[in-house]
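In case you want the letters, here they are:
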Amino acid sequence: MKLYLVMLKKSLIEPVLCAICGKNEAATKDHIPPKGIFIKPRPSNLITVPSCLLCNQGASQLDERFKLYLGLHVGKQQITGNQFFKEGTMGTLRHNRKLRMEVIKKMQPVHIATKSGLIYDRGYSVLWDSNAHDATIERIIRGLFYHHYQSILGDNVNIKTHWFKELPYFDYETLYKVDIGEGIFSYYHNKAIDSEFESIWIFEFYQAHWAGGYTTKKK
């Protein structure tokens, strides 16, 4: 009887795998998207998923870079974007000399124009760190897929990430929308009914930066 109870207990307490890599046992929680992109006070409906220490700690530098370049990109778009730039981006530039020098080297003078092409000012542009951007977008896709569909993508899929100049045209009636932080981060998603791992994701940051991607099962 005792042996039976021990075996039953072990079968009920199965290890939870990391939602990001799907290989290691989860030992902590990871915010999806990174909580650093939200201005304070942060929203109460932030999403977390089980994560291993390797995925969680390994993403910290990517998160910092993503936050920095996002702030540079959306800082002049609206009140919340400007607040994010002052709180997040400027703080990173002050305390992270390596990133500060990287941004300075990337700065290029540009004309600032309206959508119709009318130039009204001069400023500087800084190209995104594309590696940090795409890696963060992929991690968000992996985390949100687990959050919504309770399934780990792991090595079962190909993930293609995209950068959009504006919110892409799509039949949004076929997608589910979630908003976190009243316009700070919104996303649209859906999954194919007849396929376990095929899905589509569109992300909107501060109503000024758009990215996303889709997942397909590996053949």
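Above this text sits the structure in question.
Residues numbered from 1 in each chain as written. Predicted model: local features only at pLDDT ≥ 70, side-chain atom pairs only at ≥ 80, totals over all residues. Heavy atoms only, no water.

(A) Examining the sheet that holds strand S8 (residues 199-205) more closely. Pairing is antiparallel across the open sheet formed by five strands, whose spatial order is S5-S9-S8-S7-S6. One side of each edge strand has no neighbouring strand; the edge strands of this open sheet are strand S5 (157-164) and strand S6 (176-180). Averaged over neighbouring strand pairs, the angle between their axes works out to 15 degrees when direction is ignored. Strand direction decides the pairing type here: S6 and strand S7 (residues 185-191), joined by five bridges, are antiparallel. (Pairing = 2+ DSSP bridges. Helix = DSSP H or I, 4+ residues; strand = E, 2+ residues; numbered from the N terminus. Axes fitted to C-alpha atoms, helices over the stretch in contact; angles between N-to-C directions.)

(B) Quick look at the pairing of S8. For S8, the buried fraction is high: six of the seven residues fall into the buried class. The sheet contact formed by S7 and S8 spans seven bridges and is antiparallel. Paired with His-189 across the bridge in S8 is Trp-201. Sheet analysis places S8 next to strand S9 (residues 209-217), joined by seven bridges and oriented antiparallel. The residue bridging Trp-201 from the neighbouring strand is Gly-213, located in S9. Connecting S8 to the next strand, S9, in antiparallel fashion are three residues, including Tyr-206 with a positive phi near 55 degrees. (Buried < 20%, exposed > 50% of the residue type's maximum accessible area, 1.4 Å probe, protein only.)

(C) Main features of the state of the cysteines. By the definition in use, this model includes zero disulfides. Cys-21 carries a free sulfur, and the closest cysteine sulfur to it, the one in Cys-18, is 3.8 Å from it. Judged by relative accessible area, Cys-21 falls into the buried class, the value being 18%. Cysteine Cys-55 remains unbridged, with the sulfur of Cys-52 as its closest cysteine sulfur at 3.6 Å. Since its relative accessible area comes to 17%, Cys-55 is described here as buried. (Disulfide = S-S within 2.5 Å.)

(D) Geometry of the nonpolar core. Counting 42 residues, the largest nonpolar core has Leu-70, Phe-203 and Phe-205 as the members making the most contacts within it. With six residues, the single largest contributor to this core is helix H6 (residues 130-149). Ignoring sequence-local partners within four residues, the contact set of Phe-205 consists of Ile-37, Phe-66, Leu-70, Val-74, Ile-137, Ile-140, Ile-184 and Phe-185. (Core = buried A, V, L, I, M, F, W, Y, C linked by side-chain atoms within 4.5 Å. Contact = heavy atoms within 4.5 Å.)

(E) Layout of helix H3 (residues 60-74). For H3, spanning 15 residues, the distance from its first C-alpha to its last is 21 Å, which sits close to the expected 21 Å at 1.5 Å a residue. Within H3, the full set of buried residues consists of Asp-63, Arg-65, Phe-66, Lys-67, Leu-68, Tyr-69, Leu-70, Gly-71 and Val-74. Elements in contact with the buried residues of H3: helix H4 (79-95), helix H5 (97-106), H6, S8 and S9. (Expected span 1.5 Å × (residues − 1).)

(F) Fine view of the pairing of S9. Bridge count for S5 against S9 is eight bridges, and the pairing is antiparallel. Residue pairing for S9: Trp-163 is matched across the bridge by Ala-211.

(G) Fine view of the pattern of salt bridges. All chains considered together, the criterion is met by eight salt bridges. With a shortest N-O distance of 3.2 Å, Arg-139 and Asp-30 are connected by a salt bridge. On the criterion of sequence distance, the pair formed by Arg-139 in helix H6 and Asp-30 in strand S1 (residues 28-32) is long-range, its members being 109 residues apart. Overall, Arg-139 belongs to the buried group, its relative accessible area being 7%. Here Glu-102 ties to Lys-106 by a salt bridge, and the two come within 3.6 Å at their closest N and O atoms. Of this pair, Glu-102 and Lys-106 both sit in helix H5, four residues apart, roughly one helical turn. Counted as one network, the salt bridges with shared partners bring together Arg-65, Glu-102, Lys-106 and Asp-129. (Salt bridge = Lys/Arg side-chain N within 4 Å of Asp/Glu carboxyl O.)

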